[in-house]
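An overview of the molecular structure
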Amino acid sequence: MKQLRNILGFHSLVADLNTDVGTIQMTMSFYTLITAAFMLLSAKLQDIVGKKKLFLIGTALYGLGTFTAAISSSALMLFIGWAAIEGVAGALMLPATVSIISGTYSGERRTVALAIVGVMGASAAAVGPLFGGVMTTFLSWRYGFACELVIVFIILILRNRIPDFAPTESRSDLDITGSIISFIGLVLLVLGILSLSKDITSSVVVIVLGLIALALFAFYEVKRKRKGDVPLLDMDLFKDRNLRVGTLVMLLAYLSMGGALFAISLFLQSVLQLNAFDTGLTTLPLTIGLLIFAIAAPSLAAKIGHKKLMAIGSIIAIIGCLILSYQFRLNTSMLDLMPGLFVLGAGLGFAMALSVDVALINIPKEGQNNASGITSTGQSLGESMGTAIIGIILILGFMGGISHAVDVYAPDHSGDPQYEQGIYDYFQKVGSINDIKSDNLVMNIVDSILQDAMAFVMHVTAILMGIVFLLILRLEGKKTP
């Protein structure tokens, strides 16, 4: 939610802080980077500090960060409050939230509680454009951070209602070396992902280095456990199929939703010239579908099972993607997109709502904290990958769309790279659809390019949800003790 909300507030942020869009984008990226990098360490700190205490520390820290961001007078102050302080706080809070709920409830009540957690982040991301539109159109971007501060106060006031869990390990058990290696690996991995749309070659190198570091981390953790020391992450947890599959399902579902929302929001604002509020209003059906079907998921899962319901959800999401793939043209209206968005949200609601519960369903009590860190890391990676990967898909679809459009509307220039480059340059300079209405040829070419590029994005999203469907088929039921 925070990223989409502030994307819509770029202009006022840039003007108020006398900075540029690149600096704000960097701040957003570092928030994601820092949150993901500290996730595994945070999961282990639950055992040392205690789940409730760590969650409240994270909450207080988040309040400090959001207050700093709200009163920012410079881009540096915004970076410190938003990216640095809130990034660390988010890493402390998310795994603790999952493990507190998992340790407090059981049976269908746990499914309901974890469904709320599983879909809350997705709902926040989906409703972000509307919230950001209201803030930036009628108030100020600062009110967005102020609203977060109010939520922090409510949590702290109600802190006595949060169940307490005693620490199970001491400070001497903290794996410092493993923490450093995992931090380096996750930083490189997320940094490479976030940079994909800028320089693919160097980004792939960084991603590979990150994966190598994480492989070394896994090897070190296995060796540490064999020596009888407490590992930062118990690698034996990955022997549980549901944890592996459920985390991948969550990663791909968040990637699909975040990427699709990014591409659609870009289309609405850049092509249809909608303001922030109307953009949020257009994508609202996705949030509504997500919430309705997520709320219904726990009770339906009790009747037909997690696996079947999540599989149905992935199929519904694929249908939503296919519906949307035909809707992106120069004359597209807000109403044209709403049915497909609702169907996509409905399918994601089923899949996302149950993904956390199904991932943790067979994990023993002593492994819940570590497992919550794994699922939270998967969610964070999915969110960060969505915008970066779909950005590349858009570029590829755009380039393919140019060739197709030239073949159809300017066959005399088919295969002419200079002409296609000219179309590309012209398209890049178009600030509004009104600028090209007098040129029918260009209108037809631009319309064809948009159709091909956005259809390509939605088809790739459908393929991702198809992979989710295949993964879901590998899930197991709850094992009896």
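Just above, that's the structure.
An account of the accompanying structure is given in this report. Please read these numbers as outputs of a predicted model, since none were measured by experiment. (Residues numbered from 1 in each chain as written. Predicted model: local features only at pLDDT ≥ 70, side-chain atom pairs only at ≥ 80, totals over all residues. Heavy atoms only, no water.)

Below, the discussion takes up the packing of aromatic side chains. Remark: the centre distance and the inter-plane angle together describe each pair of aromatic rings, the angle taken between the planes. What the rule picks out here adds up to five aromatic pairs. Measuring from ring centre to ring centre gives 5.7 Å for W82 and F145, while their planes differ by 70°; the resulting arrangement is edge-to-face. You can see W82 sitting in helix α6 (residues 75–104) and its partner F145 sitting in helix α8 (residues 141–157), a full 63 residues away along the chain. Residues W82 and F145 agree in their burial class; the two are buried. Relative to F350, the ring of F293 lies with its centre 5.1 Å away and its plane at 75°, an arrangement referred to as edge-to-face. Here F350 lies in helix α14 (residues 334–360) and F293 lies in helix α12 (residues 276–304), a separation of 57 residues in the sequence. (Phe/Tyr/Trp six-rings, centres within 6.5 Å; stacked < 30°, edge-to-face > 60°. Helix = DSSP H or I, 4+ residues; strand = E, 2+ residues; numbered from the N terminus. Buried < 20%, exposed > 50% of the residue type's maximum accessible area, 1.4 Å probe, protein only.)

Within soluble globular proteins, side chains that are nonpolar generally end up buried alongside one another. If you look at the biggest cluster of nonpolar residues, it comprises 89 residues, and the most contacted ones within it are L243, F267, L324, F328, L344 and L348. Setting aside residues no more than four positions away along its own chain, L348 makes contact with A253, M257, L290, G313, A317, A353 and M465. By size, the runner-up hydrophobic cluster in this structure holds 19 residues, among which are M28, Y31, A69 and M93. (Core = buried A, V, L, I, M, F, W, Y, C linked by side-chain atoms within 4.5 Å. Contact = heavy atoms within 4.5 Å.)

With the rule as written, the count across this model stands at one cavity of 30 Å³ or more. Every residue lining the largest cavity is listed: V98, V117, M250, V356, T375, S376 and Q379. With three residues, helix α15 (residues 368–409) is the single largest residue contributor to the lining of the largest cavity. Residue composition of the lining of the largest cavity, by class: four nonpolar, three polar and no charged. (1 Å grid on protein atoms, 1.4 Å probe; cavity = no way out; pocket = protein on both sides within 12 Å on 5 of 7 lines; lining within 4 Å. Points joined across faces, edges and corners; volume = space filled by probe spheres on them. Nonpolar A, V, L, I, M, F, W, Y, C, P; charged D, E, K, R; others polar.)

Before going further, it helps to examine the packing of helix α11 (residues 241–270) against α14. At their nearest, the axes of α11 and α14 sit 9 Å apart, and the two run at 155° to each other. Considering the angle they form, α11 stands roughly antiparallel to α14. For the element pair α11 and α14, the recorded crossing hand is left-handed. Residues N242, L243, G246, T247, V249, M250, A253, Y254, M257, A260, I264 and L268 of α11 form the contact with α14, whose participating residues are L337, L341, L344, L348, M352, S355, V356, V358, A359 and L360. Taken together, the residues of the contact of α11 with α14 break down into 18 nonpolar, four polar and no charged. (Axes fitted to C-alpha atoms, helices over the stretch in contact; angles between N-to-C directions. Parallel < 35°, antiparallel > 145°, perpendicular 65-115°, else oblique. Left-handed = near helix turned anticlockwise from the far one by under 90°.)

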